[in-house]
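The chain contents come next:
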Amino acid sequence: MGFNNDFNNLFASANLRYEFERSKRISIYYRNSNNIPSIQQLQPVRIQTDPLNFIEGNPNLKPSFNQNLNISFNNFDFKSRSGYGFYMSYGYVQDQVVSVSVTDEDLLRTTTFDNISGGQDANASFYYSKQFKAENKDTYRLRGNLSGQYAKTLGFTNGQQFQSENYVVSPGVGLTYEKDEMITLNPGVGIDYNLRKYNINANRNDEFTNLNFSLEATTYWPRNVVFGNDITYFIYGNVAADFRSTSLQWNMSLGYQFLKDNATLKFKVYELLDQNIGTRRQTGDDFVQDTDQLILERYFMLSFTYKFSKFGGKDPNASRMRFN
């Protein structure tokens, strides 16, 4: 059985960027794309390699048409390490190719394909950073961020059309304290709020919040010795009651600089407390799955680095490096 299909695809993209001044700019980018269905999705032939699942293509399928718009704005002064900015993106899918499966009373499943329009995704994020210098030359830096995500997914389950919507809001805040040649502290907290909604089965709606509290501490005393600690406490709200929902992760490093600070020998311990967990919840279009994965546990690393040259006449060792 033969068939012919002609697809006329139009591709377009545009990029606009304007720089108000050296540290302030805005950019807008648009693009679209077409995805042509595969031969298996198009050919009107029943495939019976699996006796319990018959697959038959649809020669009337249209190519999916994707549109994406991105907008970003940055106003950040690298000298003072202060500024703010935002990023936004939006995507829309028309004539998305999806599978349609129907299971009869004999548990035989027939799968074909169809077009559906309305899939969407959107992202937005905002950041802020402000640095202060005290009279004693200590440095304080306040930083914050707020991001949000939205996704609308369309499909079919047992022949019935469904849609799911996913909302994510993630605020975070942190503070940096630096005492020159002595210590750097970076405490922070992050929140991830998630909401998943289904139109055909409200009992499967899912709402949870993940938290993390972190502290990075690096000391530069005695001279040429760099001692780093990176501690993060996680609280997972998206796991079942039978799984561990908290963990404390601690990475520690000890480095020594020599040969005029060009060479560094560092010993690092990952997962000092051996509490890392691989428990995660995966939420699909029509399912929720909790898994506990085998992950890499505590391990050690010894490294040596050496800086060979200067760049642009400036000694790269003039700036303090952080070891964690």
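Residues numbered from 1 in each chain as written. Predicted model: local features only at pLDDT ≥ 70, side-chain atom pairs only at ≥ 80, totals over all residues. Heavy atoms only, no water.

**Student:** Just give me the short version of the overall build of the protein, but keep the residues and values in it.
**Tutor:** Each helix and strand in the protein was counted, giving one helix and 19 strands. Looking at the protein alone, contacts between residues at least 24 apart form 56% of all its contacts between residues at least 6 apart. Of the roughly 20,400 Å² that the protein leaves accessible, carbon and sulfur atoms contribute 54%. (Helix = DSSP H or I, 4+ residues; strand = E, 2+ residues; numbered from the N terminus. Contact = heavy atoms within 4.5 Å. Areas by Shrake-Rupley, 256 points an atom, 1.4 Å probe, with all protein chains shown as cover.)

**Student:** For the confidence of the model for the protein, give the residues involved together with the corresponding values.
**Tutor:** For the protein, the average pLDDT comes to 87, and 90% of its residues sit at 70 or higher. Within the protein, the element-level pLDDT minimum falls on strand E17 (residues 279–283), averaging 67, and the maximum on strand E6 (residues 82–94), averaging 97. pLDDT under 50 marks residues 319–324. Its contacts with residues more than four places away, or in other chains, come to 27 contacts. (pLDDT = per-residue confidence, 0-100.)

**Student:** Mind laying out the packing of aromatic side chains, listing which residues take part and the relevant values?
**Tutor:** Tallied over the full model, the rule gives 14 aromatic pairs. For the pair Phe-258 and Phe-304, a centre-to-centre distance of 6.3 Å together with 35° between the ring planes defines the contact as tilted. Of this pair, Phe-258 sits in strand E15 (residues 246–258) while Phe-304 sits in strand E19 (residues 299–306), and the two are 46 residues apart along the sequence. Phe-258 sits in the partly exposed class, given a relative accessible area of 27%. Here a set of aromatic residues connected by ring pairs shows up, and it is made of Tyr-18, Phe-20, Phe-73, Tyr-84 and Phe-86. (Phe/Tyr/Trp six-rings, centres within 6.5 Å; stacked < 30°, edge-to-face > 60°. Buried < 20%, exposed > 50% of the residue type's maximum accessible area, 1.4 Å probe, protein only.)

**Student:** Quick one: what's the story with the sheet that holds strand E8 (residues 109–116), residue by residue and with numbers?
**Tutor:** In space, the four strands of this open sheet follow the order E3-E4-E8-E7, with mixed pairing throughout. At either end of the open sheet lies a strand with only one pairing partner, and these are strand E3 (46–50) and strand E7 (96–103). Averaged over all pairs of adjacent strands, the angle between strand axes in this sheet comes to 30°, irrespective of strand direction. Where E3 and strand E4 (residues 53–56) come together, three bridges link them in antiparallel fashion. When the sheet's bridge partners are listed, Asp-50 is paired in E4 with Asn-53. (Pairing = 2+ DSSP bridges. Axes fitted to C-alpha atoms, helices over the stretch in contact; angles between N-to-C directions.)

**Student:** Can you lay out unusual backbone geometry for me, pointing to particular residues and giving the numbers?
**Tutor:** Omega for the peptide link from Trp-221 to Pro-222 comes to -5°, which places this bond in the cis form. In this fold, Pro-222 is placed in the loop between strand E13 (206–219) and strand E14 (225–235). Backbone geometry at Arg-81 places phi at a positive 55°, although glycine is not the residue there. Within the fold, Arg-81 resides in the loop between strand E5 (64–77) and E6. The phi dihedral of Lys-137 is positive, around 75°, even though this residue is not glycine. If you trace the backbone, Lys-137 turns up in the loop between strand E9 (119–133) and strand E10 (139–157).

**Student:** An account of the pairing of E4 is needed here, citing residue identities and associated values.
**Tutor:** Counted along the chain from E3 to the antiparallel partner E4, the turn is two residues long. Pairing between E4 and E8: three bridges, direction parallel. Across the sheet, residue Asn-53 finds its bridge partner in E8, namely Arg-109.

**Student:** How would you explain the pairing of strand E11 (residues 160–179) if you had to name every residue and give the values?
**Tutor:** Pairing analysis gives 19 bridges linking E10 to E11, with the strands arranged antiparallel. Bridge pairing links Lys-152 to Glu-165 in E11. Between the antiparallel neighbours E10 and E11 lie two residues, among them Asn-158 with a positive phi of about 50°. Relative to strand E12 (residues 183–198), E11 runs antiparallel, the two sharing 12 bridges. Following the sheet pairing, Asn-166 is matched in E12 by Arg-196. The hairpin turn running from E11 into E12, its antiparallel successor, is three residues long, and Glu-181 in that turn takes a positive phi close to 65°.

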